Amino acid sequence: MFLCLAADEGIQRKLEQLVMKMVLKSVFTDGLSRLPVHTETTPSAINTKVKSGYRAGGWSPLQSDQYQWLQIDMGSKKQVVAIETQGRYSSPDFSTRFRLLYSDTKNNWRPYLQDGNIWSFKGNTNSEDVTRHQLEHAILARYIRFVPLDWNREGRIGVRLELYGCSHWADVISFDGIGIVSYRFKSKKIKVARDVISLKFKTQARDGVLLHGEGQQGDYITLELRRAKLQLSINLGSSHYGSIQGHTTVSSGSLLDDGYWHSVLIERYRRNVNFTLDHHTQRFRTNGEFDHLDLDLEISFGGLPESTKLSSGGRENFVGCMEGITYNGENITSLVRRKRVDTSSFRNLTFSCSESNSFPVFFNSTSFLQLPGQSDSDTLSVSLSFRTWNPSGLLMFTQLADGWVELGLTEGKVTIFMNMTLKNTRIGISSGSGLNDGQWHSVHLNALENHAMLTIDGDEASTVRTAIPNQIQTGGTYYFGGNFLHSNSRSLQRSFQGCMQMIHIDNHLVDLRDVEQGLIGTYENVSLDMCAIVDRCVPNHCEHGGRCSQTWDAFSCNCSGTGYTGATCHSSLYPQSCEEYKHQGKSSGNYLIDPDGSGSIAPFRVTCDIIGEKFLFKCPYSLCMRRLTENFKLDMGGIEILIPADKCEQFVAYTCRMSRLFNSPDGNPFTWWVGRANKKHSYWGGSGPGIQKCTCGIENNCTDPRRYCNCDADLRSWKEDAGLLIYKDHLPVSEVVVGDTSRSGSEAKLTVGPLKCQGDRDYWNMASFGSPASSLHFQSVSQQTSTDISFYFKTSSTYGVFVENLGTNSFFHIELRGSVILFSLDVGGERVELSVRSPNLLNDDQWHHVEAEKNIKEAVLKLDSLYQDVKALPPEGHGKPQANGDLFIGASSGQRGFLGCIRALRINGVTFDLEERAKVTSGVTPGCQGHCKNFGMHCKNGGRCVELYNAYSCDCSLTAYDGPFCTNDVGGYFETGTVVRYDFLSQAGPSLLGEVKPTPGASVPVESNLTKEELVFSFSTYSAPSILVYISSRTQDYMAVVLRHNGTLQIRYSLGGLSEPYTIDVDHRNMANGQPHSVNITRSLREIKLQLDHYPLATYNLPESSDTHFNLVKSIFLGKVFETGQIDPILIERYNTPGFVGCLSRVQLNSVAPLKAALRSSMTVPVSTHGILVPSNCGASPLTISPMISANDPWHIEAVNLSALNLPDDVLFAGIISVVIFSVLCILVFAIRHLFRHKGSYHTNEAKGAESADCADAAIIVNDPAFTETIDESKKEWFI
């Protein structure tokens, strides 16, 4: 055992002088290759042998290039936890970036890995400052190599360094594939609920059993290597219910046959297991029902006992080394050394690891290795072992006297191409498949006389042979790796990326150490004695079951069938609830939802009742009802659904005959159910938590008054207990256990209905920020290598910070800048920025959706699901963020915060309760202030409610009204000949007819084919006949509303299919009586509805022969028709001259208000006015009481004999006076009303503006400021 003093605890020790030996690698150059020479020196010689490459005050090689390294021998194996570097003293020599390699034996070096990548450390920025790196994972080795990757180009490579850590000692056992260690238990059988097993191992074999134990009841535990992956198999016993067995298998790691130490820790408590390999932990729960592991006699390490091996399917024993083996507190390696355990199966038990004989070569895309062979030979024999992830690459090339031979990898197959120049022949053969799996594979090419043979992985039975047209003659030089110039080759193979070893040429093993020392061959950009292969799919960064594939440089995820998308299958494809589907415009139906987004719960199907704002989770029908004749457990598959609903319910029913449900409110129940968080509940539908009763027990009407459920009466007749479970935090029901159906005559039926929920409290969880300094503060959520943020916002401000996380190694920042959303984040200490620009400003008080994601491959920013920015991220710097940071919604100190509303904020599937936090935070209020759902009722006549920070406003832009609540009429007074024309554009584009657009005048309506329209307007006039409204088209379709000669209203429709227009005559009233009248005409297909003033709604129908489409609506005319082309002659001859004289207001066709557009100069729409149009509201409020006819008028006196009334004279006289006074007042009222109505119309005095007016009367109208108020003053109801 040993004690390691961590550097971050401040109790550190330097490693025995820290630098025990330093090895300088100097490089000399000849004409063809770089020849390495090793020179060892003592620490005291470092500062003296300047000519050998060292300079005073640190290490600096004579030549600064990528081949230099400094090797440190620490004397024995140590655990290194930190490194400090500094430049060479008082010089420009320092290293700015470096890599660390380590080894136990000075051979088979391994690079330091972090985040699944070969890690490069940031070095120094000058020669004096110290840079310290705390290693995320400790290095356990004797030798360390410091490899500079970059340095100060104004100086040279230079470094002073110190390593920090502690001594390491452990008993090591060497396993030869035959011997095993058998640890016998003190008793013949053990039954344990808790296990802790740990060990370290290293091997170059890809298969082998590390430990095994089993019991006679079928329990077992096995840890073994399979294809260089570690597999843990465990069985605690099989289930008594159903067909589920207890066998559980979990795999971890990859490429574990690399000859390096790997640590394993297995922690089990009952069915919960933590399986840790090299700091990566998998947590799982075993299958089955049982919690204890029952083992017999012993547990073995290094292989299987002979008694078990026969039935194991020929599994191999472990070959390699183990150290630090512990089993439930027992140090097994110490017991072996003390001969306290059985090791009789070993032929030669040793406590040290033999040195590996392998000497791998690592190739990157710019590497090659040149080796010599026999020349002019008629036999070509080359063999090697390789491992790679790339499907294609050139393994070997050699020039022949007559042509060339190429050995490569193509689409995972080994291929050979031979080119014979003289006979112009090209021969190709291939063998194997899927050889780019990262495993070691051997290749043997043998060409002799007129045949060539290719053998893969030593399988002679599958050797591929081919004939050669003539005998070959070798050239004597062999190139490996592919990146070299060979002008005679026509190869299209890409360079090989991966590792090679065991290279044989002419049946002789090449000693690659001679290559390293410059004795034979040459190389370029290769790493000798190292295989830096990395499995980028272990651990699997593809989330939610995504399938990982890789090349040498990168990995990719196949997300098909997972329900998720993105580079790492992180983001859900589905909305979080039916509420979101509703706002997408979906109708009721079956949908997939994902309430926790990127969380662990998979999407599931629900039924959405969009109208009722409900969504239902339905369990499989085969499980919803089950007839039981024996004790039973209904397992719904471990359903765990986190639904952020306002309320939920689930129906359960138990129909019974001699089968009790609970039996008593206090005893152990026969039946219970399991809900959310795997919690057990013993109340039934209609009851509540903590009350072991059914509905009848609550209502005191059970079959047996002494019981609290009908079924607890235990009768032979059928009874039922049914009801709703309504405590949503307990739902859904995932398991039901029924325990009283095994008696003779017992029988029951169990029904579990679908989960029904309503509302979505998370989707509308929001807060309003009323000050730039206001913010909400939260603790950072636990983050993984992937992080996603989503929220909705609405604002009238152009700038502000939405959200900022200040946690260590987890910084991100999202803000608004005009029409741009910015997303900033830190990756490995480097700042990355993404931006999305909207074509429109975002301060439009509309809800906008922001989604941001950062994963190990890329960062993504989306706005409203329409615009996005994607940036690839560097592979380094994706360590797990710390969860102790600060999260600010709004701005932290010193920044400009957000003004407006934020809702549905979610990070990594966790929704933040903004409303609750806002209740205790100054400057922030729950909900969105100025709620239109509370105050939108004040926006009248189709006005749109617009949220503000602490108020609301009404947008009247798409109505025919004005004012703060869209209640002010917009109208105009038409003189003779005045006409307003509103044109619809002919080019294709979005139509405003029937649609609502957010910005007035921003979009111009275009021609449309209408099947429904609504025309609304008010008018007052004394003149008739006249045209009030005329709607034309580019066809002969039209609609017109006219006043006939007698003042009655007529509506004319001509939509095609009829020889004459369809007319609606309103004959019962003279509308040209100077009073304001309102008209509403609504058509849907053939049905026409007319609402005139206060009269009852009238319905008419177009004839069946009439078309229902109003085709290509072109223009709206008010007051008169002023258009060329074919027009109904009746309109022109009878009604168009001299034109409408009077007031029109509130004119609106669907969402188009032509009169308002003509009177508002700020609206840029295609409207024109001819003649004089004066703004006025025209007294447009319609009469609410109809004028009375004389027969019903009590004040109407006609030929009455006053003397017949027999009244006293004074009373009669007073009455006569009263009548006279009343008559005079009435005459005055009429005179004043008539005077004001015609004020200016017959004024004969000259007025200003007469020069430009059409007549003197028009000049008076334009210049008299009282005119526009004329109808305002007369806006009264007259009962005369």
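Refer to the structure above for everything that follows.
Residues numbered from 1 in each chain as written. Predicted model: local features only at pLDDT ≥ 70, side-chain atom pairs only at ≥ 80, totals over all residues. Heavy atoms only, no water.

1. Side note on the overall build of the chain
- Regarding its fold elements, the chain presents 13 helices and 84 strands.
- Residue burial in the chain is summarised as follows: out of 1280 residues, 51% are buried.
- Long-range contacts, defined as pairs at least 24 residues apart, comprise 69% of the intrachain contacts of the chain with a sequence gap of at least 6. (Helix = DSSP H or I, 4+ residues; strand = E, 2+ residues; numbered from the N terminus. Buried < 20%, exposed > 50% of the residue type's maximum accessible area, 1.4 Å probe, protein only. Contact = heavy atoms within 4.5 Å.)

2. Thoughts on the side chain of aspartate 535
- With respect to the secondary-structure elements, aspartate 535 resides in the loop between strand 37 (522-528) and strand 38 (547-550).
- Here aspartate 535 occupies a buried position and makes no salt bridge, while the nearest side chain of opposite charge, lysine 229, is found at 5.7 Å.
- Side chain to side chain, aspartate 535 and serine 254 meet in a polar contact 2.3 Å long.
- Among the polar contacts made by the side chain of aspartate 535, one reaches the side chain of glutamine 550 at a distance of 2.7 Å.
- Filtering out sequence-adjacent residues up to four positions away, aspartate 535 remains in contact with Ser254, Leu255, Trp389 and Gln550. (Lys, Arg positive; Asp, Glu negative; His and termini not counted. Salt bridge = Lys/Arg side-chain N within 4 Å of Asp/Glu carboxyl O. Polar contact = N/O pair within 3.5 Å; in protein donor to acceptor, adjacent residues only side chain to side chain.)

3. Thoughts on the state of the cysteines
- Evaluation of the coordinates by the stated rule reveals 13 disulfides.
- The residue that forms a disulfide with cysteine 656 is cysteine 711, at a sulfur-sulfur distance of 1.9 Å. Taking the sign of the S-S torsion, -100° for the link of cysteine 656 and cysteine 711, the bridge is left-handed. Remark: cysteine 711 occurs in the loop between helix 6 (695-699) and strand 50 (719-725) and cysteine 656 occurs in strand 47 (residues 647-657); sequence separation between them is 55 residues. Of the two residues, cysteine 656 and cysteine 711, both sit in the buried class.
- Disulfide pairing is shown between cysteine 696 and cysteine 702; the S-S distance is 2.1 Å. Between cysteine 696 and cysteine 702 the sulfur-sulfur dihedral comes to about 90°; the bridge is accordingly right-handed.
- On the basis of relative accessible area, cysteine 696 is assigned to the buried category, the value being 5%. (Disulfide = S-S within 2.5 Å.)

4. Looking at the sheet that holds strand 15 (residues 208-214)
- Taken together, six strands build an open sheet; the order of strands is 13-22-15-16-17-18 and the sheet is antiparallel. If you trace the sheet from one side to the other, it starts and ends with strand 13 (181-192) and strand 18 (248-252), each paired once. Taking each pair of neighbouring strands and ignoring which way they run, the sheet shows an average axis angle of 15°.
- Judged from the eight bridges that link them, strand 13 and strand 22 (residues 293-301) form a sheet pairing that is antiparallel. By the bridge assignment, serine 182 is partnered in strand 22 with serine 300. (Pairing = 2+ DSSP bridges. Axes fitted to C-alpha atoms, helices over the stretch in contact; angles between N-to-C directions.)

5. What about the sheet that holds strand 73 (residues 1012-1021)?
- Across the sheet, seven strands lie side by side as 80-79-78-73-82-71-84; this open sheet has antiparallel pairing. Unpaired on one side and paired on the other, strand 80 (1098-1101) and strand 84 (1173-1175) mark the two borders of the sheet. When strand polarity is set aside, the average angle formed by the axes of neighbouring strands in this sheet is 25°.

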